[in-house]
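Observations on chain architecture
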Amino acid sequence: MSFSELGLSAKVQAAVAAAGYTEPTPIQAQAIPHVLARRDVLGIAQTGTGKTAAFTLPMITMLEEGRARARMPRTLILEPTRELAAQVEDNFVKYGVNHKLSVALLIGGVSFGDQDAKLTRGVDVLIATPGRLLDHFERGRLLLTGVELLVIDEADRMLDMGFIPDIERICKMVPFTRQTLFFTATMPPEIQRITEQFLHNPIKVEVSRAASTATTITQRLVRSGKKDFEKRDTLRALVRGADSLKNAIIFCNRKSEVATVYKSLQKHEFSVAALHGDMDQSARTAALTAFRDGKTQLLVASDVAARGLDIPDVSHVFNYDTPHHAEDYVHRIGRTGRAGRLGTAITIVTPEDTKLLSAIEKLIGQPIEWAGDAISDEEASEAKRERRGAGGRSGRSSGGRGEPRGESRGEARSETRAEPRAAEERPARRSAEPRATTRAERPERAERPARQPEAPVSRDRGSARPPASEEADMSHMPQFLLRPVTYRGK
Ligand code: AMP
């Protein structure tokens, strides 16, 4: 199949050719004709499959007719993070070289004034994170009644981040007759419900996840002792010994580990940057840009910070921790081997991680090969016995060096709760239940780190869960109980 068979305009086809693409990816081949036929589309695909072009290319073709009016965007794309929004904007720049499209970005961390001026002039494409969009709407600076096409991208990540109530609000604010394109990597029940509510007779396009990762990525497991310093030693040996390593993303399960591993690699004079949800926007952008431009070779990242980012041509992925969620494994290794290139993904496994490993192998439907000695069943059972013997609810000690994975108590608990993947990305609302979210504590506050408190777990209000750091959190206590007590002698 070639791009000329999809119904795209000549100008768009020329831009695609200039971008160097010769053949549409499966999601593009399947989705584009339906988008052009104005059908709603439910695309089940993760990043790396070419899904962004699957909606930007037909959108640009469709936008050739008609023109934008002040404050009334013609199309709206919702993205969960600023980075993803910026990435989609880049796509419009790349594929829209032969057009005079007006594209605006409504994301946190950018001044309202500039965004507002652009809206006033009229935009063809508005790319927004949900919170910033609602802020503009509530200020009366934006009308959504002219939206002909709505794209909801990375919907399952929106769910992780607690954005679904905002998405529902926005869906009700755009005309009922609009066309909707909805992309998600997975279909949890909440997402299923939203698609049933807001998509009209959609065409379902599914790109198989296993096939999209397995073919070009060499996956290996490497055993390590469970102590932090042992894992760091293992990691260094892997990085130093890796064949044709151009650059690598190193994934950790927790942001505290991102910081520790980053510092350690820096100390050992590796070229390294870090990326996690608590960093402010300029630090995140700087880290990403340095990595993309090849100025730093290694990027230590957490799942939430890295999910969905398109960093082309990453030669290696190292899982410093075996991920807690099998799905995260697929997302992580999908950072390499993109767009048909070859990649290597190596996962460090300790005897404690064998259960997690089984879940991953079950999900991807194949065993992963060990590089070197495997962890035996006896070692795994021994680790299990040790954990049980160590007592405690989680079987893990807390505090101090040499503990399993060096985790802090707060993080360890928050990681095992209902929304573990997003926990670190939402410092100001970590335990706020998405459904109970109010304007005052809306999730996108997390997109404005400059205004956020640094260690805000104790500030969570209205939470149904116990706070992650119970010692520090007194917000649930009546004030009179917190007053100092003076004891008088008899
Ligand atoms: P995405 O899934 O949208 O994040 O895209 C993943 C990567 O694939 C991006 O770097 C795109 O530039 C690239 N890409 C998109 N479409 C094609 C195509 N038809 N052929 C080759 N590469 C593509």
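Okay, so let's go over this structure.

Reading the values: rules and limits
- Residues numbered from 1 in each chain as written.
- Predicted model: local features only at pLDDT ≥ 70, side-chain atom pairs only at ≥ 80, totals over all residues.
- Heavy atoms only, no water.
- Helix = DSSP H or I, 4+ residues; strand = E, 2+ residues; numbered from the N terminus.
- Buried < 20%, exposed > 50% of the residue type's maximum accessible area, 1.4 Å probe, protein only.
- Contact = heavy atoms within 4.5 Å.
- Areas by Shrake-Rupley, 256 points an atom, 1.4 Å probe, with all protein chains shown as cover.
- Pairing = 2+ DSSP bridges.
- Axes fitted to C-alpha atoms, helices over the stretch in contact; angles between N-to-C directions.
- Phe/Tyr/Trp six-rings, centres within 6.5 Å; stacked < 30°, edge-to-face > 60°.
- Lys NZ or Arg CZ within 6 Å of the ring centre and 35° of its normal.
- Arc of directions from axis to C-beta.
- Salt bridge = Lys/Arg side-chain N within 4 Å of Asp/Glu carboxyl O.
- Near = heavy atom within 4 Å.
- Polar contact = N/O pair within 3.5 Å; in protein donor to acceptor, adjacent residues only side chain to side chain.
- Nonpolar A, V, L, I, M, F, W, Y, C, P; charged D, E, K, R; others polar.
- Domains from an automatic or database assignment.
- Core = buried A, V, L, I, M, F, W, Y, C linked by side-chain atoms within 4.5 Å.
- Parallel < 35°, antiparallel > 145°, perpendicular 65-115°, else oblique.
- Left-handed = near helix turned anticlockwise from the far one by under 90°.

Moving on, we get to the overall build of the chain. In terms of helices and strands, the chain carries 19 helices and 14 strands. Scored against the burial criterion, the 490 residues of the chain give a buried share of 54%. For the chain, contacts bridging at least 24 residues in sequence account for 76% of all contacts bridging at least 6. Split by element, the accessible area of the chain, about 21800 Å² in all, is 52% carbon and sulfur.

Phi is mostly negative for residues that are not glycine, and the peptide bonds are mostly trans. Residues other than glycine seldom take positive phi values, yet Arg38 does so here, at roughly 65°. The residue Arg38 is located in the loop between α2 (26-36) and β1 (41-44) in this model. The backbone phi angle of Ser244 is positive, close to 40°, even though this residue is not glycine. Relative to the helices and strands, Ser244 resides in the loop between α11 (228-241) and β9 (248-252).

Turning to the sheet that holds strand β2 (residues 75-78), a few remarks are in order. Spatially, 7 strands are ordered β3-β4-β2-β5-β6-β1-β7 in an open sheet, and the strand pairing comes out parallel. Lying at the two open borders of the sheet, with one neighbouring strand each, are β3 (103-106) and β7 (203-206). On average, each strand axis in the sheet is tilted by 15° relative to the strand beside it, whichever way the strands run. Bridge count for strand β5 (residues 149-152) against strand β6 (residues 179-184) is 4 bridges, and the pairing is parallel. The residue bridging Ile152 from the neighbouring strand is Phe182, located in β6.

What the rule picks out here adds up to 2 aromatic pairs. Cation over ring: Lys231 sits above Tyr320, and NZ or CZ is 4.7 Å from the ring centre.

Side-chain alternation along strand β4 (residues 125-128) places Val125 and Ile127 on one buried face and Leu126 and Ala128 on a second face that is also buried. Pairing analysis gives 4 bridges linking β2 to β4, with the strands arranged parallel. Counterpart to Thr75 in the pairing with β4 is Val125.

Note that an α-helix has 3.6 residues per turn; residues three or four places apart therefore point the same way. Burial in α2 covers these residues: Ile27, Gln28, Ala31, Ile32 and Val35. The arc that holds the buried residues of α2, viewed along the axis, is 110°, so those residues lie on one side. In the stretch just after α2, Arg38 is the one whose phi turns positive, near 65°.

Before going further, it helps to examine the pattern of salt bridges. This structure, assessed with the given rule, holds 20 salt bridges. Glu83 serves as the salt-bridge partner of Arg284, at 3.0 Å between the closest nitrogen and oxygen. In this pair, Arg284 is assigned in helix α13 (residues 281-292) and Glu83 in helix α4 (residues 82-95), connecting sequence segments 201 residues apart. The residues Arg284 and Glu83 share a single accessibility class, namely buried.

As a matter of local geometry, the ligand sits amid 16 residues, with Tyr21, Gln28, Gly48, Gly50 and Thr52 nearest to it. A distance of 3.3 Å separates an oxygen atom of the ligand from a polar atom in the backbone of Lys51. A distance of 2.5 Å is found between an oxygen atom of the ligand and a side-chain nitrogen or oxygen belonging to Thr52. For the ligand, whose free accessible area comes to 500 Å², the fraction covered by protein is 85%. Here the shell around the ligand is built from residues that sort into 4 nonpolar, 7 polar and 5 charged. Taken domain by domain, the shell around the ligand gets at least three of its residues from each of domain 1 (3-206) and domain 2 (217-375).

So, about the nonpolar core. In this structure, Leu57, Ile77, Phe92 and Ile127 are the most contacted members of the largest nonpolar core, which totals 36 residues. Per element, the largest residue contribution to this core is 8 residues, and it comes from helix α3 (residues 51-63). The residues touching Phe92, leaving out its near neighbours within four places in the chain, are Thr56, Met59, Ile60, Ile77, Leu101, Val103, Val125 and Ile127. Ile44, Leu78, Val123 and Leu144 belong to the second largest nonpolar core, which has 32 residues in total.

Let's shift gears to the packing of helix α6 (residues 130-138) against helix α8 (residues 164-173). Between α6 and α8, the least distance of the axes is 10 Å, while the angle of their chain directions is 45°. Comparing their axes, α8 and α6 come out oblique. When the axes of α6 and α8 are compared, the crossing they make is left-handed. Between α6, through Pro130, Leu133, Leu134, Phe137 and Glu138, and α8, the contact on the second element is made entirely by Asp166, Ile167, Arg169, Ile170 and Met173. Taken together, the residues that form the contact of α6 with α8 break down as 7 nonpolar, no polar and 3 charged.

Glancing now at the environment of Ile167. Topologically, Ile167 is positioned in helix α8. Separated by 33 residues in sequence, Ile167 and Leu134 place their C-alpha atoms 9.8 Å apart. Excluding its chain neighbours within four sequence positions, the residues that come into contact with Ile167 are Leu78, Pro130, Ile152 and Met158.

To continue, consider α8. Counting buried residues along α8, 7 of its 10 residues qualify, which places the element largely inside the surrounding structure. Taken as a whole, α8 has its buried residues at Ile164, Asp166, Ile167, Glu168, Ile170, Cys171 and Met173. Next to the buried residues of α8 lie β2, α6, β5, α7 (155-160) and α9 (189-198).

Here β6 lies mainly inside the structure; 6 of its 6 residues are buried. Of the two faces of β6, the one carrying Gln179, Leu181 and Phe183 and the one carrying Thr180, Phe182 and Thr184 are both buried. In this structure, β1 lies alongside β6, joined through 4 bridges in parallel fashion. Within β6, the residue paired with Val41 across the bridge is Leu181.

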